[in-house]
Structure formats: C-alpha cells, structure tokens
Protein chains: 2
Amino acid sequence: MDASVLLVTGIHGNERNGPWLLEQWQREAGLLQRPGLRVQSLLGNPPAYAKNLRYIDCDLNRSFSEELLQQSDASQLEVRRAQELIALHGPGGRQPMQVLLDLHSTTAPMGSCLVVYGERPADLALAAACQGQLGLPIYLHGSDPRQSGFMVSQWACGLVLEVGPVPQGVVAPLICQQTALGVASLLDLLSAAFRAPLRLPAQMVIHRHLRSLDLPRDAEGRPTACLHPERLRGDWRPLHHGDPLFLDPAGKTINFTGGDPGSLSTVFSNEAAYQEKQIALSLTRREQLPTSPGWALALTALLRGSTTC
Amino acid sequence: MDASVLLVTGIHGNERNGPWLLEQWQREAGLLQRPGLRVQSLLGNPPAYAKNLRYIDCDLNRSFSEELLQQSDASQLEVRRAQELIALHGPGGRQPMQVLLDLHSTTAPMGSCLVVYGERPADLALAAACQGQLGLPIYLHGSDPRQSGFMVSQWACGLVLEVGPVPQGVVAPLICQQTALGVASLLDLLSAAFRAPLRLPAQMVIHRHLRSLDLPRDAEGRPTACLHPERLRGDWRPLHHGDPLFLDPAGKTINFTGGDPGSLSTVFSNEAAYQEKQIALSLTRREQLPTSPGWALALTALLRGSTTC
C-alpha cells in the first residue's frame, strides 16, 4: 500500500501563498503525485482564510495539545477544527495519513526553512535529506512552555515548511515558487524513502530553539523599543554579545547582552503574528548534528506502515 | 495666532509605524514644535489599533464622505469615529485644525511618497515644496468612484504621507525613520509657509491616478493569476504595453496590454488591504506640472486664517 501524505496550507488564514498553490494542486492533482505516495491536500482553516485573518477564535497551530483535543463541547472554532482534522486524518482517524507537511509563511526575513518539532528520527531523516538537496536551514523546536500544541506533533512524522518575508494577506509569486520548490523536494524524498532508506548527509546543521525575546516594555506593558534595523537584515545570522538588538524611539541602540557559550543566531524577527505573543524574535544555537542511518530506516519503516519502526 | 496642524496616525489599526512615532511625540512634544505652528497629534482608530486590525466595521479612511458624515445613529464604529473627529477637529469643530497630515504605511514597494487628493492649491504648494526638499514622488488622486471618503478631503489642506513596504502589524525602524523624516519636512515647510509664501520649484513631478487593476478572476470570482514578480520589484517604475503584469499558477506571464499615450507607472502593487477592494495595483501617468506662485500664496493665506485665500 502506498504511503499517505497530508499537505496542509492556510492553517493561518492570512498566509495566502500556500493556499494559492493549493488551488493549483487541486486543479492538477498530478503535480503532487509521486511513486509510492498518496498525497492529499487541504485548506487548514477555511473560515479564517475567507476573512483573511490568522484565526477566528484562537491560533489553530497551537490547538493540537492533548488537553484541547480532549475538550468536549469546545467553544473555540479552531479547537473544534483541530479535533475534526484529528478525527479525519489523525493516526486513529477515518482516513489516517502517515506524514504531515504543513506550509506556512512569515513576515520575518527567514527565506525558506524547515521547522522540526522534537527530535523524532523520521522527521530528522526527512529534514536532513531535504537540507542535503536544497540547503535549507532547519529550526529545531524542542519543548517551550510558551509555545505548544503544534499540528505536526500529532502525526508520526511531520515538518513545517516556512517561507518569508512576505506580508500577511498577499500572494507573492517568489514566495510561492520557494514554497513549491520545498514541497517538491519533500515529496521526492518521501517517495524515495518509501522505496529504500534515504542516504543522508553525514552531518546536518540545525538551529536549536533556545528561547524567545520580548521587546523592552514600560510598566503598562507598552514596548519602549523596536527591533534594531540590523536584526531585520536577515535571520539565521550570528548574534554576538554586544550586537545591536533593539532601537529606542530616541535612536539609542540597546545591545544584546545575553552571552551564550555556543554560537547564537536569530529566527522569526518581527513576525507580525507573534507581536501578540510578545515574541520579538527567537534565539537559536547553531549546531552540527551527526545523522544516523537509523533515522532513514525509521522513516522508511513508518512510510511502509511497518510496526517495527 | 499660530496655524494649527493635526497629525493623525493609526487611521488603520494594523499600520503600526505611525503610532509608534506618536507615542514618542506625545512623550516629547517638543519634537513637533515649530515656530508659528500649533501641532496636535492623535491616534485615528484606537479600537482597531488595540486589535491590530485595519478596521472594526469599515475602512475609516473611506468614511469621510458627506453621506456618511450626515448619517444619524450610524451603527458602524468607523463612521461614528469619522463624525467624532469632524465634530472635534473639522473646519467647524470645537477645536478646528487648519491642516491635516495623515500618516500611513503600505505593504507595496513604494518607498516614501505623498498622496494628494484633488488639486487644491494649498495642498499642491506643500507637496511641491516637500518634493523639492526630499524628492518624494507624489501620487495625485483625483476623483475615483471606487475610492472616496478620504479623511484629508474634509480639511482645507491635507496630505497623506505613505511609506512602504512594511508588513501589517509590525514596527520597522527604517519605515519609522522615513516617516519621521517626511513629517519633519512637512512641518518645517508649514512653519516657513506661515512666515511667508514658499518659493516653489518651477516644476513638480506628479503621478496622476488613472485607474486600478484587479487580478484576473474565474467565474466564481477567484483570482486566476497573481502580480508578476517584475511588478513587485518596485512601484513608480514605467509600465509599457507588453510588460509582464500577472503570473498564472502554471508560470505563464500575462502581459500588460492597456496602451496609453502617456507614460504609465504603477502604485500600490500588492497592498494587502486592497485585496478585499479587488485592487491589485493602480495605474498612474507621470506628468511634469508647472507650479504656480498662487499655490504658495493660498497656503500662506490658509495658515494665517485669512479669508482672502
């Protein structure tokens, strides 16, 4: 039996580029076809998409926690939608899918990247192979009490493809092209992994999530500085002790003082949707991670529905 | 008596850069002080700003039409707010202000520019002088049945300062700096114009609004192409017959075929807020406009509250 892949876009209704591709994929199903794969695509949050809002009641991509998924008579539209998606395509659902690819865009200057949640072998295999093919940076997001309930965490294998910078609410063709390129690579690799375990690069470079930084605020909670222009020139760049971090309205630079033994860099700088979460940017540590042949075996076993994985 | 200038920001609640400057201006009133001027600044749409939305019920900067301003028992929050601002600071208001400067930001690649509505002599004087000082492009917006009810149209003299590209919902320090530079120039010029008629450049370059273009759509109204990457490289650039305009999902370029005798260029390409208005971009014709000493006299007379203007 073929392996099943669920491709979701528009989990956030004001990220318009994935849904733009979705319309084309749904018109020409052949674009997503790969040997050994059964790929299904869907729009994550149709009501929010119709209103061009990130969400109606709450963030759908934080609504996949066990607690919310167990909630009976949930009043929030997104919690009900999360439950519906799990009932439909979750591991025990009516039409279960094995792999989830979740497409997002960001206002942050991040280019294309993969976001990996946790360190599950199958996820790491797919991410490492995709990095080997396209050179994308990988943001490894472990547990963060401020951020949980991500959709991919509920599937046995799942990655987020994140592309920016693009404002919310518009279709930008170069962002669409980058997204389509990432999707094509991931599907090619899943198809190959279904046939045989992938040959992974010996090393992968990951940016491990450390913590998020808020803007400086006054007693009433209002920001007293914004991100420094240097931080908006691009993410993934090193942030050293003493580097410009914030800029106050009088033009005074506030430097970064949080020393760290490893080499730090930033992600999600000025993501518009994170303003309400009080996240100005997130700090990561760049690491070389040796890959393991076991990862590729785990991905292949998972795709073949083997119980030995 | 000093001339009065009303500086508004946050007429659209998800344009965060003007309001960011406003907080600083309200802390340090001296920054807006100029000889001969009494400058007051305010936040245009506090409820929309609090929710980081362009508006709550309808677009405040389309709510200043005579019809809406006369509406009794208006149910829409923005219509009531427009009536309130007119009752407070309009020409016949309790604290009338003579000049309106309205600060906006856009997701379109426009840089800084001035938007002039109609061809009122005092507006043209201020815009021409500011162009002479900073070189900003000027978008001359005459009447367009699809777009009316702009705030500045209700004041005897008023301009919009528009700066982009910046996503909705974030503060970008370089956008703030450009905005502050524009405001400083406009206030300097109003202060000078209060003392004596401005010496205007002999010519000004304007981009006259012709019409707006929608994306191609299918029978159900869904877009079948997005703007071409060429169009997103920057606004104000010439658009010739045969130039790339749209890109369809299969990668086919749709060229511009609307010939025009003058030299055409684009503005507001991919402004996120205009997607719901079905405006992909607007077409303008670049013109050299000889200035008139009468414009500068009109501005000075207006600022001095003379009835002879």
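Residues numbered from 1 in each chain as written. Chains lettered and ligands numbered in written order. Predicted model: local features only at pLDDT ≥ 70, side-chain atom pairs only at ≥ 80, totals over all residues.

A.B. asks: I would appreciate a short explanation of the overall build of chain A in the present structure.
C.D. replies: Summing up its helical and strand segments, chain A has 7 helices and 12 strands in all. Principal-axis analysis of the C-alpha atoms places the extent of chain A at approximately 65 × 45 × 35 Å. Within chain A, the proportion of its 309 residues that are buried is 50%. (Helix = DSSP H or I, 4+ residues; strand = E, 2+ residues; numbered from the N terminus. Buried ≥ 20, exposed ≤ 12 C-beta atoms within 10 Å, placed from the backbone.)

A.B. asks: How do you make sense of the sheet that holds strand β8 (residues 226-227) of chain B when you look at a structure like this?
C.D. replies: Remark on secondary structure: sheet strands pair via backbone hydrogen bonds, oriented parallel or antiparallel. Residue and element names in this part refer to chain B. What the 3 strands build is an open sheet, ordered β8-β9-β10; its pairing is antiparallel. At either margin of the open sheet sits one strand with a lone partner, and together these are β8 and β10 (253-255). Pairing geometry for β8 and strand β9 (residues 244-247), over 2 bridges, is antiparallel. Counted as the bridge partner of Leu 227 is Phe 246 from β9. (Pairing = 2+ DSSP bridges.)

A.B. asks: Got a minute to help me understand the domain arrangement of chain A in this structure?
C.D. replies: Residue and element names in this part refer to chain A. Domains assigned within chain A are domain 1 (3-202 + 291-303) and domain 2 (210-288). For domain 1 and domain 2, the distance between their C-alpha centres works out to 27 Å. Each partner contributes residues to the interface: domain 1 has 11 residues there, and domain 2 has 14 residues. Looking at the side of domain 1 that touches domain 2, its residues break down into 5 nonpolar, 4 polar and 2 charged. (Domains from an automatic or database assignment. Contact = placed C-beta atoms within 7 Å. Nonpolar A, V, L, I, M, F, W, Y, C, P; charged D, E, K, R; others polar.)

A.B. asks: Is there a simple way to think about the interface of chain A and chain B in this case?
C.D. replies: Often, the extent of an interface is quoted as the loss of accessible area on bringing the components together. Contacts between chain A and chain B engage 22 residues on the former and 22 residues on the latter. Sorting the residues of the side of chain A that touches chain B by element identifies α1 (17-27) and α6 (173-195) of chain A as the ones contributing at least two each. In terms of residue class, the side of chain A that touches chain B is built from 13 nonpolar, 8 polar and 1 charged.

A.B. asks: What am I meant to see in unusual backbone geometry here?
C.D. replies: Excluding glycine, a negative phi dihedral is what most residues carry, and trans is how most peptide bonds are arranged. Residues and elements named next belong to chain A. With an omega of 5°, the peptide bond between Gly 164 and Pro 165 qualifies as cis. The topology assignment puts Pro 165 in the loop between β6 (157-164) and α6. A positive phi angle, close to 75°, is found at Trp 236, a residue other than glycine. Inspection of the secondary structure assignment puts Trp 236 in the loop between β8 (226-227) and β9 (244-247). Accessibility expressed as a C-beta count within 10 Å gives 18 for Trp 236, which makes it partly exposed.

A.B. asks: Which parts of the structure should I look at to understand the environment of Leu 247 of chain B?
C.D. replies: Looking at the secondary structure, you find Leu 247 of chain B in strand β9. Exposure remark for Leu 247 of chain B: the 22 C-beta atoms within 10 Å place this residue in the buried category. Leu 247 of chain B sits 15 residues away from Leu 232 of chain B along the chain, and the two C-alpha atoms are 12 Å apart. For Leu 247 of chain B, the residues in contact, after removing those within four places along its chain, are Pro 173 of chain A together with Ala 225, Cys 226, His 228, Pro 229 and Thr 253 of chain B.

A.B. asks: Quick question: what am I supposed to make of the relation of the copies chain A and chain B here?
C.D. replies: Mapping between the two copies of the chain is achieved by a rotation about an axis and a shift along the axis. Superposing chain A onto chain B requires a rotation of 180° together with a translation of 0.0 Å along the rotation axis, leaving an RMSD of 0.0 Å. This pairing of chains is accounted for by a two-fold axis. Considering only C-alpha atoms, the part of chain A nearest the rotation axis is Pro 167 of chain A, at 2.2 Å. Both copies contact each other with a shared surface, as 100% of the interface residues of chain A are interface residues in chain B too. (Least-squares fit on C-alpha atoms with pLDDT ≥ 70 in both.)

A.B. asks: Would you mind going over helix α7 (residues 293-303) of chain B with me for this structure?
C.D. replies: An α-helix turns once every 3.6 residues. As a result, residues three or four positions apart point the same way. All names here are of chain B. Burial in α7 covers these residues: Trp 295, Ala 296, Ala 298, Leu 299, Thr 300, Leu 302 and Leu 303. Those residues of α7 that are buried lie in contact with β1 (3-9), α5 (121-134), β6 (157-164) and α6 (173-195). Note on α7: the residue one or two positions beyond its end, Gly 305, has a positive phi of about 70°.

A.B. asks: For this particular structure, what's the right way to read the pairing of strand β1 (residues 3-9) of chain A?
C.D. replies: Two faces make up the sheet, and in a regular strand the side chains alternate between them. Residue and element names in this part refer to chain A. Of all 7 residues that make up β1, 6 are buried, and the element is covered over most of its length. As paired elements, β1 and strand β2 (residues 37-43) share 7 bridges and run parallel to each other. Residue pairing in the sheet places Leu 6 in a bridge with Gln 40 of β2. Where the polypeptide runs from β1 across α1 and back to β2, its parallel neighbour, the crossover connection is right-handed. In terms of strand pairing, β1 meets strand β3 (residues 99-105) through 5 bridges, oriented parallel. In the sheet register, Thr 9 faces β3, and the bridge partner there is Leu 103. (Right-handed = clockwise from strand over helix to strand, strands pointing away.)

A.B. asks: Teacher, can you tell me more about helix α4 (residues 77-89) of chain B here?
C.D. replies: Residue and element names in this part refer to chain B. Compared with the 18 Å implied by 1.5 Å per residue over 13 residues, the 18 Å span of α4 between its first and last C-alpha is a close match. Among the residues of α4, those classed as buried are Glu 78, Val 79, Arg 81, Ala 82, Leu 85 and His 89. Along the long axis of α4, the arc covered by the buried residues comes to 160°, so they all point the same way. Next to the buried residues of α4 lie β1 and α3 (66-70). (Expected span 1.5 Å × (residues − 1). Arc of directions from axis to C-beta.)

A.B. asks: Hey, could you run me through the sheet that holds β2 of chain A in this one?
C.D. replies: Residue and element names in this part refer to chain A. Spatially, 9 strands are ordered β2-β1-β3-β6-β4-β5-β7-β12-β11 in an open sheet, and the strand pairing comes out mixed. Of all the strands in the sheet, the pair left with one neighbour each is β2 and β11 (264-267). Neighbour to neighbour, the strand axes of the sheet diverge by 30° on average, direction disregarded. Most of the contacts of helix α5 (residues 121-134) go to β6, to which it runs at about 40°, and overall it touches β4 (111-117), β5 (138-141), β6 and β7 (203-213). (Axes fitted to C-alpha atoms, helices over the stretch in contact; angles between N-to-C directions.)

A.B. asks: What am I meant to see in the pairing of β11 of chain A here?
C.D. replies: All names here are of chain A. Residues Leu 264 and Thr 266 line one face of β11 and the alternating positions Ser 265 and Val 267 line the opposite face, and both faces are buried. By the bridge criterion, 4 bridges tie β11 to strand β12 (residues 281-290) in an arrangement that is antiparallel. Bridge assignment links Ser 265 to a residue of β12, and that residue is Thr 284.

A.B. asks: Quick question: what am I supposed to make of the environment of Gln 24 of chain B here?
C.D. replies: Structurally, Gln 24 of chain B is set in helix α1 (residues 17-27). The residues touching Gln 24 of chain B, leaving out its near neighbours within four places in the chain, are Pro 249 of chain A together with Leu 31 of chain B.

A.B. asks: I'm lost on the environment of Asn 14 of chain A in this one. Help?
C.D. replies: Residue and element names in this part refer to chain A. If you trace the backbone, Asn 14 turns up in the loop between β1 and α1. Separated by 39 residues in the primary sequence, Asn 14 and Leu 53 have C-alpha atoms spaced 4.8 Å apart. Sequence-distant contacts of Asn 14, defined by excluding residues within four places in its chain, comprise Asn 52, Leu 53, Arg 54, Gln 168 and Gly 169.

A.B. asks: Is there a simple way to explain the packing of α6 of chain B against α7 of chain B in this structure?
C.D. replies: To characterise two packed helices, one gives the angle between the axes of the helices and the distance between these axes. Residues and elements named next belong to chain B. It is the contact of α6 with α7, at a shortest axis distance of 8 Å, that shows an interaxial angle of 85°. Put simply, α6 runs roughly perpendicular to α7. Each of Leu 190, Ala 193 and Phe 194 in α6 lies in contact with α7, whose residues at this interface are Ala 296, Leu 299, Thr 300 and Leu 303. Taken together, the residues of the contact of α6 with α7 break down into 6 nonpolar, 1 polar and no charged. (Parallel < 35°, antiparallel > 145°, perpendicular 65-115°, else oblique.)

A.B. asks: Explanation requested: the packing of α1 of chain A against α6 of chain A in the structure shown.
C.D. replies: All names here are of chain A. One way to put it is that α1 packs onto α6 with a least axis distance of 9 Å and a crossing angle of 65°. One finds that α1 runs roughly perpendicular with respect to α6. Considering how the two elements wind past one another, α1 and α6 form a crossing that is right-handed. Contacts between α1 and α6 involve Asn 17, Gly 18, Trp 20 and Leu 21 on the former and, on the latter, Ile 175, Cys 176, Thr 179 and Ala 180. Taken together, the residues that form the contact of α1 with α6 break down as 5 nonpolar, 3 polar and no charged. (Left-handed = near helix turned anticlockwise from the far one by under 90°.)

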